[in-house]
Structures are given as C-alpha cells and as structure tokens.
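Residue-level structural notes
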Amino acid sequence: MTTPEPSAPAPGRRYAAAAALVVLFALGLRAFHAADRDAIWRDEGQDIAIVDGAGSLGELWATLAVEGAPPLHYVAEYAVVRAFGHGIGARRALSVAWGTLAVAAVIALGRFAFGPTCGLLAGLLAATSPFLVYYSGEIRSYALAALLGALHALALLRLLARPGPGRAAAWGAAAALLAYTHYFAFHVVAVAGVAALATLRRRGLVPCAIAGGVFLALYAPWLPTFVGQLGQDLTPWAQPDPLLRRAFLVFKLPFGEDGQFLAALGLVLAWCRTRRGPFQALLALGLAAGVLAWVVQLFKGPYNPRYLMPMAVVLLPPACDYWARRLDASRGRALLPWAAVVLLVALQWTETPRWLRPASGAAEAARIVEAEGRPGDLVWVHPATMGSSFFHHYGGDLPAVTPPYDGRHVRIDWARYMHDQTPERAEAQIARLRDHLRGGGRVWLVALGERRVPAAWAFDPRTAPQRDRAPMLLAGAIFRRRVMQVLHEEGVDDAFWSWPLHRFHEPVTLTRFRPRGPDEPFVRPEAHAR
C-alpha cells in the first residue's frame, strides 16, 4: 500500500514571498557570519591543503583515498578555486551557498510532507539554527551534507507517495550524491531502503531495485576506494556515549541544548495525533539512522556529533508538524503554537557563544610569533594537524618543526603519519630540540588545548587502553612525555611564558621556552592580538 500524496497545493504569491524572505534571511545570516571568520582551524586547513596540493582531479582523487573522505565536496571546492582563486572568501562562499540551499530544501521538504505552514516554520528554524549557521560558513562538507540530506528525504517521500521509475531513479541519485559527500549517508540510505520496502511492500521491489541500480552505477567509480578506507579510524580521540545521549544529539544539533526537549515534545504530540507515512518516514531517517550509527560505533569506533548532519536536518519538519496544524486550524490566531515557535527559535540561540565564536586560536598565535620571534628561535607545532591552520596564517621565516615531520608539512598523510610513529623518529626530533636549547635558542610551542604547558603534556595513563584501536594516541602521549623529560633536563621546565588563546572554537595554548641563563623581558602577547 502506497503512502497518499501529501496535500501540497501550488504555492501562491504570499507563500512564495514568505519562503523567499526566509531563504534571504538565511543567506544574510550565513554570509554575515562567514565574512567575520578570517581564521581557519585545523580541519579547514587540512581541507585547503588537500585541494591546493592537487594539480589535477586525479591527484585529488588519490589524496582523498588516504585522507579517508568522499570526494564530492572537494571536487566542488577544486572547481571554485580554479575559477575564483585560492582565497578563503570563495571557499566560504561555497559553503554559504550550500547552507542557504539547505534551508530552501527544508522548506520544500516540510511543504511536501505536511503542508505550506510546516514548510515555512521548518525553514525558519533551519535558517536560525546556530549549528547550521556555523557549518554553513565552514570550509568542510557539512553544509552540503545538510542540503543533500534534505533532498534525499524529499526524493524518498515522493517515491513513497507515488512509486514510479523516474522517482525511484531520483531517489537513487540523491542517495549516491549524499554518499559522495559523507559516509554517514550509508546509515540514512539503509534506513530509507527499509522504510521504502516496509511502506510499499511487494510494489516496492521494482522501485527499490531501480534506485539501487542507479546508486551503484553512480557510486561504482568510488566504491573500491571506499572499501579500502573501511579499515581506517580517523576519529580515535572521540569517546563513545550512551545510546540515549547519542539519540538526543539529532535534536540537540538543530534545536540547541535547551530547545531539544521542546522539539521532542512537538514530535510526541504529532505522533499521538497522526500516523501519516511522511511523519514516520522522516522520523525513521532521523532517529533510526542515528541509532544505527550508534550501533556501528560499537564495532567501528566513536564518531563526531557533526557527522549526524544528514539525520538532524530531516527532523525539522516533523518537529513543526503539530504546531503548524494548530496554526492552520485556527487560521493563525492560536497563541500557543506561535509561542512554541518563538520559544524554539529563542532556545536555539542559547548555543550562540559556543557555535558562533571565532574558529581557532592558531591565527592569533601566528601573529604573536611573528611579532615576538627573533632569529635563532624554533617554532614547534603539536599535534601535526595544528600545522595546517597555524602555517596558513604564519608569514614569518623562523625554522619550524611539526612532529613527526621536519619543515612545514601542512597536509597530513595519515599512512605516513602512522608509519613515522617510531621511537627512532621521536628520538631524532627530541635530539633536535635538545641541541637547539643547548645552543641558546628559544622554542615557541603552539599546542592544541586549553591547559597550560607542561601540565597539558604530562603522560595520561588513560590513553593506554586505547592503544589497540589508536596507536597514534599512545605514541603521541609517550612522545610528549619524553619531550617534558628533555625540558626538565635542560632546566627550562620553570623558564617559560604560557599564554592561553581559549576564546575560540579550537582553543590553543602558545608557550615560549628558553634555555638556562638570562633572557630579555617578554612583551605581553595581548598587545599584538587583533
């Protein structure tokens, strides 16, 4: 039995104008926030290094095979960079465009599933969500994942409403594009396939076969690379969470820490009053796919919450369904649904200090080192991934070391990184540090984290149980412990200035070590901060 086609009358001028205003508001908010972000953080630096380091699409393809990421976002950024230059503005503009189109897609999804009022309310919440605003300005793939997550859900609902070869092919193409953007798409696509078969039953076999064929045909060029990447664990620092906490993340991300419970209440009220197919399908794409991701982490390893972007965005329309129907029933005169919508928007912005603060302290650290550094100093960046953001902003000529590499190795080759985590390599780096200090040189340490050095570099025994899953972490902890021993031996453990740069999404601690003996007075770094 097919799902009835949701009632979605042709939009009138008022509705089209209202939808356009929501989209323009979303564009303005995202453009304003992106224009205020002149600094990049380490993931963005890695992204930039991957694209700029590729001389052709073939080289980009080969690099991504090691990086562990699907290619669609990088190919789009590659085209933008070749057309508009290598600046930060063009890259952020691409993410702003994806994020703005995602709001339009949420409006279309909500309108098709539950009617025009729900579409506008869901689009408004998507436009004002600090989580979505932040990632619409980041040089990463998450804004594109939000757009394709909404389009994939819309394609699925259209197929469930009226099965046909064309709609099945469109669903398969949307699923392939989403999988080309982020690998968590496979959780969403798997749940979507089960939902399609459960809803259409025997009539769904042919459409699902068509969709599967289109998906495989489009994804075939990347499939061998994807299979080769399955053994990689690129988030060894992530910690597993209980199921309930992970399940609520899909509410927390678009609605905020405080708004998630009101959004869940709206879903419960709508569930009690309706069993419509679109509601159940979107709930499955959001919640069931999130649960599936949690189950997979038990075997594959923990994941970053932002990976849930394709699941979180599809929960916006069903969370607004109940309030939208109350508004339609009262012709917009009921106060309770208006109050709920206003409260949802207000509660979203309790997350503003977290999401909308500057990206990284690496840019400020680079400015301080440029101003305070002198000939003979050595710049030390740790961990290696910090080099991608620090060296993007650093314009000085001091010799630099980014363990485990010598020089400004901005892009991290993970296979080489793991290969170089050897005692011999670590001792060679430490010997260079010791020789530099004994020669009277100073060392600038740019370290990720909020704790003061050397306390932040003390050996953490909690890392040891993770060595089987993430030997990189254990090797890094041992390396840091050896560095602290050398600093103590050379008498610099109590001869340093440490300056925290913590008002950032990515906090950084800048430390200047000096050898034994007198040293000139240190100019306080805040005098050079922007």
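So, here is what we can say about the structure in this document. All values reported here derive from a predicted model rather than from experimental measurement.

**Description of the packing of helix α8 (residues 142–161) against helix α9 (residues 165–179)**
- One can describe the packing of α8 onto α9 by two numbers: an axis separation of 9 Å at closest approach and a directional angle of 160°. In terms of orientation, α8 lies roughly antiparallel with respect to α9. With respect to the hand of their crossing, α8 and α9 are arranged in left-handed fashion. Side by side, α8 and α9 meet where A145, L148, G149, L151, H152, A155, L156, R158, L159 and A161 of the first sit next to R167, A168, A170, W171, A174, A175, L177 and L178 of the second.
- The residue makeup of the contact of α8 with α9, split by class, is 14 nonpolar, 2 polar and 2 charged.

**Considering the packing of aromatic side chains**
- Evaluated as defined, the whole model comprises 19 aromatic pairs.
- Ring geometry for Y134 versus Y135: centroids 5.0 Å apart, planes at 85°, classification edge-to-face.
- A centroid spacing of 5.7 Å and a plane angle of 80° characterise the contact between F186 and Y219, whose relative ring orientation is edge-to-face. Placement of F186 in helix α10 (residues 185–200) and of Y219 in helix α11 (residues 205–219) is noted, with a sequence separation of 33 residues between them.
- A connected cluster of aromatic rings, assembled from ring pairs, spans F131, Y134, Y135, Y142, F184 and Y307.

**Let's talk about the nonpolar core**
- Residues W171, L282, L308 and L316 are the most contacted members of the largest nonpolar core, which totals 111 residues.
- Ranked by residue count, the leading element in this core is α8, at 15 residues.
- Ignoring sequence-local partners within four residues, the contact set of W171 consists of H152, A155, L156, L159, A192, G193, A196, C208 and A211.
- Counting residues in each nonpolar core, the second largest holds 17 residues, with A362, A365, A366 and W444 among its members.

**Some thoughts on a nonpolar patch on the surface**
- Residues L197, L205 and V206 make up a contiguous nonpolar surface patch of about 280 Å² in total accessible area.
- Residue placement: V206 occurs in helix α11.
- Given the relative accessible area of 56%, V206 is considered exposed.

**As for the environment of A211**
- Within the secondary structure, A211 is located in helix α11.
- A residue is classified by how much of its surface remains accessible, and A211, at 3% relative accessible area, is buried.
- Residues A211 and R167 lie 44 residues apart in sequence; the distance between their C-alpha atoms is 8.6 Å.
- The residues touching A211, leaving out its near neighbours within four places in the chain, are A168, W171 and G172.

**Here we look at the pairing of strand β6 (residues 508–513)**
- Of all 6 residues in β6, 6 are buried, a share of seventy percent or more.
- Relative to β6, strand β4 (residues 443–448) is paired through 6 bridges, and the arrangement is antiparallel. Opposite L445, over in β6, you have T511 as the bridge partner.

**Re the side chain of H73**
- Tracing the backbone through its elements, the reader meets H73 in helix α4 (residues 72–84).
- Judged by relative accessible area, H73 falls into the buried class, the value being 2%.
- Among the polar contacts made by the side chain of H73, one reaches the side chain of D47 at a distance of 2.9 Å.
- For H73, the residues in contact, after removing those within four places along its chain, are D47, I139, R140, S141 and L144.

**Re the packing of helix α14 (residues 259–273) against helix α17 (residues 316–329)**
- For the pair α14 and α17, interaxial distance at closest approach is 7 Å and the crossing angle is 65°. Considering the angle they form, α14 stands roughly perpendicular to α17. Crossing of α14 against α17: the hand is left-handed. Taken together, the residues of α17 that come into contact with α14 (itself represented by A263, G266, L267, L269, A270 and R273) are P318, A319, D321, Y322, W323 and R325.
- Residues of the contact of α14 with α17, tallied by class, amount to 8 nonpolar, 1 polar and 3 charged.

**Comments concerning helix α6 (residues 116–128)**
- Compared with an ideal rise of 1.5 Å per residue, which puts 13 residues at 18 Å, α6 spans 19 Å between its outermost C-alpha atoms and is within 8% of the ideal.
- Of the positions making up α6, those classed as buried are C118, G119, L121, A122, G123, L125, A126, A127 and T128.

**Some thoughts on the environment of A34**
- Residue placement: A34 occurs in helix α1 (residues 13–35).
- By relative accessible area, A34 is classed as buried at 10%.
- Distance in space between the C-alpha atoms of A34 and Y135 is 9.5 Å, their sequence separation being 101 residues.

**Things to note about α10**
- Between its first and last C-alpha, α10 extends 22 Å over 16 residues, near the 22 Å set by a 1.5 Å rise per residue.
- Of all the residues in α10, the buried ones are A185, H187, V188, V189, V191, A192, G193, A195, A196 and L200.
- Trailing α10 by a residue or two, R201 shows a phi angle of about 55°, which is positive.

**Description of the pattern of salt bridges**
- All chains considered together, the criterion is met by 8 salt bridges.
- R91 serves as the salt-bridge partner of D52, at 2.7 Å between the closest nitrogen and oxygen. Here the residue D52 occupies a position in helix α2 (residues 42–52), and R91 occupies one in helix α5 (residues 88–114), the gap between them amounting to 39 residues.
- Looking at R91, the relative accessible area reads 2%, which means it is buried.
- With a shortest N-O distance of 2.7 Å, R91 and E77 are connected by a salt bridge. Of this pair, R91 sits in helix α5 while E77 sits in helix α4, and the two are 14 residues apart along the sequence.
- Through salt bridges with shared partners, one network takes in D52, E77 and R91.

So, how was this worked out
Residues numbered from 1 in each chain as written. Predicted model: local features only at pLDDT ≥ 70, side-chain atom pairs only at ≥ 80, totals over all residues. Heavy atoms only, no water. Axes fitted to C-alpha atoms, helices over the stretch in contact; angles between N-to-C directions. Helix = DSSP H or I, 4+ residues; strand = E, 2+ residues; numbered from the N terminus. Parallel < 35°, antiparallel > 145°, perpendicular 65-115°, else oblique. Left-handed = near helix turned anticlockwise from the far one by under 90°. Contact = heavy atoms within 4.5 Å. Nonpolar A, V, L, I, M, F, W, Y, C, P; charged D, E, K, R; others polar. Phe/Tyr/Trp six-rings, centres within 6.5 Å; stacked < 30°, edge-to-face > 60°. Core = buried A, V, L, I, M, F, W, Y, C linked by side-chain atoms within 4.5 Å. Buried < 20%, exposed > 50% of the residue type's maximum accessible area, 1.4 Å probe, protein only. Patch = residues over 30% accessible without salt bridge, like charges linked within 9 Å, V, L, I, M, F, W, Y side chains within 5 Å. Areas by Shrake-Rupley, 256 points an atom, 1.4 Å probe, with all protein chains shown as cover. Salt bridge = Lys/Arg side-chain N within 4 Å of Asp/Glu carboxyl O. Pairing = 2+ DSSP bridges. Polar contact = N/O pair within 3.5 Å; in protein donor to acceptor, adjacent residues only side chain to side chain. Expected span 1.5 Å × (residues − 1).

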